Amino acid sequence: MQTTTLVRWGCASALVVAQAPAAASEFSGGVSVGGIQIGTEPKLAVSPFVGVLWRREKDFRIDVHNIFSIVPGSRVGFYDRTAVTLGYVTETRNVSIGPSLSVYVMPVCGAAICDRVMGIAPGGHARSDWYFAGRLGASVSANVDWAGGSSLILPGSLVVMVTAGPIWRFGGARSE
């Protein structure tokens with residue numbers, strides 16, 4: 001009963017926030033390809049992503065980014081990361097940094113054994129977008145997460161991901 005009430009309040013809050021006008025908003029999306037280091041072996045990851053500009057004051061802004069990474073292989077892995085960042089913006093470039101929270105389900109091999117791990121990891125996120133043809137550009141992002149605890153499968157408890165790929169700015173208006 002309490003869970004249902006909590007979900008209803010969450011949905012109502014989301015509707016109110018979604019209807020609130022923003023001084024300037026911008027949406028972006030794309031797909032990146034890069035590497036993820038989790039455990040002892042690096043893996044390739046394909047990562048569709050979306051970003052929402054929440055608020056802009058002159059050259060500074062607050063962004064919310066979500067990157068959903070798929071790690072292909074015989075045992076597919078998923079790594080979903082959301083970051084709230086403070087950034088500096090120009091007409092053709094955005095640079096931002098901030099905290100992130102990741103949820104993952106991954107096949108991982110450690111020094112002694114391989115297994116499937118799942119969990120939630122806090123971390124840090126840095127991102128840079130360059131727009132070179134109007135709304136089309138390129139994006140590079142890096143994320144470091146702390147998976148927590150000690151494990152033979154996750155030595156060092158760090159997860160590092162670096163991705164790069166095209167980005168498309170759509171919807172919303174830019175104000176200078």
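K.L.:
Which parts of the structure should I look at to understand the environment of Val33?
P.N.:
You can see Val33 is positioned in strand 1 (residues 25-38). Each C-alpha atom of the pair Val33 and Leu44 lies 7.4 Å from the other, and the pair is eleven residues apart in sequence. Apart from the residues lying within four places of it in its own chain, the contact partners of Val33 are Leu44, Ala45, Thr163 and Ala164.

K.L.:
Would you mind going over the pattern of salt bridges with me for this structure?
P.N.:
Side-chain pairs of opposite charge can arise where the charged atoms are in close proximity. Enumeration over the complete set of coordinates arrives at two salt bridges. The shortest N-O distance in the salt bridge between Arg61 and Asp63 comes to 2.7 Å. Looking at Arg61, the relative accessible area reads 5%, which means it is buried. A salt bridge links Asp129 to Arg127; the nearest nitrogen and oxygen atoms lie 3.2 Å apart. With relative accessibility at 2%, the residue Asp129 sits in the buried group.

K.L.:
How should the confidence of the model for the protein chain be read in this particular structure?
P.N.:
Predicted coordinates in areas of low pLDDT are best not read in detail. This prediction gives the protein chain a mean pLDDT of 76; 73% of its residues lie at or above 70. At the low end of the mean pLDDT range in the protein chain sits helix 1 (residues 2-19), at 41; at the high end sits strand 7 (residues 136-146), at 90. In this model residues 1-24 is a low-confidence stretch, pLDDT under 50, and it forms seven contacts with partners more than four residues away in sequence or in other chains. Ignoring residues within four places in sequence, the model shows residues 172-176, a span with pLDDT below 50, making 14 contacts including any to other chains.

K.L.:
Which parts of the structure should I look at to understand the nonpolar core?
P.N.:
Nonpolar side chains tend to gather and get buried jointly when the protein is soluble and globular. Of all hydrophobic cores here, the largest spans 13 residues; its most connected members are Ile36, Ile38, Tyr79, Tyr104, Met106 and Val159. Those elements that place two or more of their residues in this core are strand 1, strand 5 (93-109), strand 6 (114-133) and strand 8 (158-173). No other element matches the three residues that strand 5 contributes to this core. Discounting residues that sit within four places of it in the chain, Ile36 has contacts with Glu41, Pro42, Lys43, Ala45, Val71, Tyr79, Met106, Val159, Val160 and Met161.

Calculation rules
Residues numbered from 1 in each chain as written. Predicted model: local features only at pLDDT ≥ 70, side-chain atom pairs only at ≥ 80, totals over all residues. Heavy atoms only, no water. Helix = DSSP H or I, 4+ residues; strand = E, 2+ residues; numbered from the N terminus. Contact = heavy atoms within 4.5 Å. Salt bridge = Lys/Arg side-chain N within 4 Å of Asp/Glu carboxyl O. Buried < 20%, exposed > 50% of the residue type's maximum accessible area, 1.4 Å probe, protein only. pLDDT = per-residue confidence, 0-100. Core = buried A, V, L, I, M, F, W, Y, C linked by side-chain atoms within 4.5 Å.

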